[in-house]
Amino acid sequence: MIDKILKKRGVPSLMTFLDGSKVKNAEDFEKRREELKRIVQEKEYGYIPAPPDDMTLELLAENENFCAGKAHRREWRMHLTVKGIQRSFDFISVIPKSKTPVPAFVLMNFTPDSPDKYLPTEEITDSGFAVFSFHHSGATTDDGDFTTGVAPLFTNGEREPHAPGKIAMWAWCAMRVMDHVMTLPEIDKDNVAVIGHSRLGKTALVAGAFDERFKYVISNDSGCSGAALTRGKCGETVEVITRVFPFWFCPYYVENQASFLEEGYDQHFLIALSAPRVVMIGSAKEDLWADPESEFLATYLASEAWRALGKQGLISHGEIPSPKSVLDGGDVFYQVRFGTHYLSREDWGEYMRYIKKMMNKSL
Ligand code: GCU
């Protein structure tokens, strides 16, 4: 049933090198990974910038007795220098008090607050996780202005065809928060997730693809140019997204949107870049703009990468899952719940449950 649907969509093969030869084993996949990285950067998001020359942290505020005294909340400003240019952005850390290192989330969010409607901080810390979060627009505004926040670190106003768009820049900021996370003895560094919803779910996939320190890559309701297969997708299309949000991408994606079908790739290439780590894709039944079926299909297709690397990938039932389904039997996770476009308590609950399951597995 799934294969029939995929046949109709005419999807490019993840496992075929640009010269037409096939990926046959794990070693081949590592070579293919370099091609995949080039493809998604050159054609869609732009090149992810190198780490900064210098980075310092300023503590703006702290509360040692947050959440009934069970967690430590700090507000930070990160100062970054690239080629003599200095910029900064703010983030918040909330770390539960614990005798042993705790797993953590790096969340890109739509507001600077923690907690916030998409960020149930107390539920997260009570479940034993730390959470580091930042406001995407605080890092650089969610518009075509490339003079705000960190953007001038990477561009002097001229945008080359493969220059990073805002998604690549937010992903870069998530990596910088991860630089800080990696210095903290309170954190279990082998168990850090990057997570985002919608446009920031697209961003989480990019951050996870290019930063292997993120063990879990969680993309919630990310839809077009995120976890959803573009070919045959309903709701938002590449034509629409590049018209309304051209600044999220590199100029090449925008200029070539009409010939997307000839570009020889689709979104499962991006998801596959998180292999063999743990990828988690979440959909919502009524989120037809994002298209749950296409999010599932790209996850299903990307799974080939995990199998090439000797992992299980997604364990599916051979059908398009209907709500509520949680496919958590393998090392690729997919869920579809009832309801609309949202990063809900229910989503967080499933993600935390699965991470705990995977952590026990590797102990
Ligand atoms: C718009 C956009 C989507 C995006 C969403 C969001 O709906 O078309 O691609 O995912 O905003 O980020 O909320």
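Attention here is on the structure that accompanies the text.

1. Structural notes on the site of the ligand
Looking at the ligand, the residues that line it are Ser198, Arg199, Lys202, Glu236, Ile241, Phe245, Trp248, Trp289 and His341. Here Arg199 contributes a side-chain N or O atom positioned 2.5 Å from an oxygen atom of the ligand. Its free accessible area being 310 Å², the ligand has 82% of it covered by the protein chains. Per-class residue counts for the shell around the ligand are 4 nonpolar, 2 polar and 3 charged.

2. Re the pattern of salt bridges
Opposite charge on two side chains permits them to pair, given that their charged atoms come into close proximity. Tallying each qualifying case throughout the model produces 22 salt bridges. Asp126 is the salt-bridge partner of Lys70, the closest N and O atoms lying 3.2 Å from each other. Of this pair, Lys70 sits in the loop between α3 (66-69) and β2 (71-82) while Asp126 sits in helix α4 (residues 121-126), placing them 56 residues apart in sequence. Owing to a relative accessible area of 45%, Asp126 belongs among the partly exposed residues under this scheme. One salt bridge connects Lys324 with Glu350, and the closest N-O pair in it is separated by 2.8 Å. Separated by 26 residues along the polypeptide, Lys324 in the loop between α11 (292-308) and β9 (325-327) and Glu350 in helix α12 (residues 345-361) bring together distant segments of the chain. By relative accessible area, Lys324 is classed as partly exposed at 36%. Among the charged side chains, a network of salt bridges with common partners joins Lys324, Asp328, Glu346, Glu350 and Arg353.

3. A look at the packing of aromatic side chains
Enumeration according to the criterion identifies 19 aromatic pairs in this entry. Aromatic side chains Phe249 and Tyr253 sit 4.7 Å apart centroid to centroid with 50° between the ring planes, which places their arrangement in the tilted category. An aromatic cluster is built from Tyr45, Phe245, Phe247, Trp248, Phe249 and Tyr253, whose rings are joined through pairwise contacts. Positioned above the aromatic ring of Phe146 is the side chain of Lys166, whose terminal nitrogen or guanidinium carbon lies 4.8 Å from the ring centre. Above the ring of Trp172, the side-chain terminus of Arg176 is found at 4.9 Å from the ring centroid.

4. Observations regarding the environment of Lys43
Within the element layout of this structure, Lys43 appears in helix α2 (residues 26-45). Exposure remark for Lys43: the relative accessible area of 18% places this residue in the buried category. Lys43 sits 23 residues away from Phe66 along the chain, and the two C-alpha atoms are 44 Å apart. Each residue touching Lys43, except ones within four places of it in the same chain, is listed here: Arg38, Cys250, Tyr252, Tyr253, Glu263 and Tyr265. One polar contact links Lys43 to Glu263, side chain to side chain, over a distance of 2.6 Å.

5. What to know about the packing of α2 against helix α7 (residues 199-210)
One can describe the packing of α2 onto α7 by two numbers: an axis separation of 11 Å at closest approach and a directional angle of 145°. As for how α2 packs across α7, the hand of that crossing is left-handed. Residues Lys37, Val40, Gln41 and Tyr45 of α2 pack against Val206, Ala209 and Phe210 of α7.

6. Here's the deal with the packing of helix α6 (residues 166-181) against α7
Contact geometry of α6 with α7 gives a least axis separation of 8 Å together with a crossing angle of 60°. With respect to their mutual orientation, α6 and α7 come out oblique. Crossing hand, α6 versus α7: right-handed. Contacts between α6 and α7 involve Ile167, Trp170, Ala171, Ala174 and Met175 from the first element and Leu200, Lys202, Thr203, Val206, Ala207 and Phe210 from the second. Looking at side-chain class alone, the contact of α6 with α7 contains 9 nonpolar, 1 polar and 1 charged residues.

7. Section: α11
Taking 1.5 Å of rise per residue, 17 residues should cover 24 Å, and α11 covers 25 Å from first to last C-alpha, within 8% of that figure. Most of α11 sits inside the fold, with 12 of its 17 residues counted as buried. When α11 is considered as a whole, its buried residues turn out to be Pro292, Ser294, Glu295, Phe296, Leu297, Ala298, Thr299, Leu301, Ala302, Ser303, Ala305 and Trp306. The residue sitting at the N-terminus of α11 and contributing the capping side-chain oxygen is Asp291; that oxygen lies 3.2 Å from the backbone nitrogen of Glu293. Two residues or fewer after α11 comes Gly310, characterised by a positive phi angle close to 80°.

8. Quick word on the sheet that holds strand β5 (residues 130-135)
What links the strands of a sheet is backbone hydrogen bonding, and the strands pair in either a parallel or an antiparallel sense. Pairing is mixed in the open sheet, where 10 strands are placed in the order β1-β2-β3-β5-β4-β6-β7-β8-β10-β9. In the strand order of this sheet, the two ends are held by β1 (54-65) and β9, each with one partner. For this sheet, the mean inter-axis angle between neighbouring strands, taken without regard to orientation, is 15°. As judged from the 12 bridges shared by β2 and strand β3 (residues 85-96), these two strands associate in the antiparallel manner. Note that in β3 the partner of Arg73 across the bridge is Val94. Helix-sheet contacts for α6 involve β1, β2, β3, β4 (102-109), β5 and β6 (187-197), and the interaxial angle to β5 is about 145°. Of the strands in this sheet, β4, β6, β7 (216-220), β8 (278-284), β9 and β10 (332-337) are in contact with α12, which crosses β10 at around 155°.

Reading the values: rules and limits
- Residues numbered from 1 in each chain as written.
- Predicted model: local features only at pLDDT ≥ 70, side-chain atom pairs only at ≥ 80, totals over all residues.
- Heavy atoms only, no water.
- Near = heavy atom within 4 Å.
- Polar contact = N/O pair within 3.5 Å; in protein donor to acceptor, adjacent residues only side chain to side chain.
- Areas by Shrake-Rupley, 256 points an atom, 1.4 Å probe, with all protein chains shown as cover.
- Nonpolar A, V, L, I, M, F, W, Y, C, P; charged D, E, K, R; others polar.
- Salt bridge = Lys/Arg side-chain N within 4 Å of Asp/Glu carboxyl O.
- Helix = DSSP H or I, 4+ residues; strand = E, 2+ residues; numbered from the N terminus.
- Buried < 20%, exposed > 50% of the residue type's maximum accessible area, 1.4 Å probe, protein only.
- Phe/Tyr/Trp six-rings, centres within 6.5 Å; stacked < 30°, edge-to-face > 60°.
- Lys NZ or Arg CZ within 6 Å of the ring centre and 35° of its normal.
- Contact = heavy atoms within 4.5 Å.
- Axes fitted to C-alpha atoms, helices over the stretch in contact; angles between N-to-C directions.
- Left-handed = near helix turned anticlockwise from the far one by under 90°.
- Parallel < 35°, antiparallel > 145°, perpendicular 65-115°, else oblique.
- Expected span 1.5 Å × (residues − 1).
- Pairing = 2+ DSSP bridges.

Read these as spatial facts, not as claims about activity.
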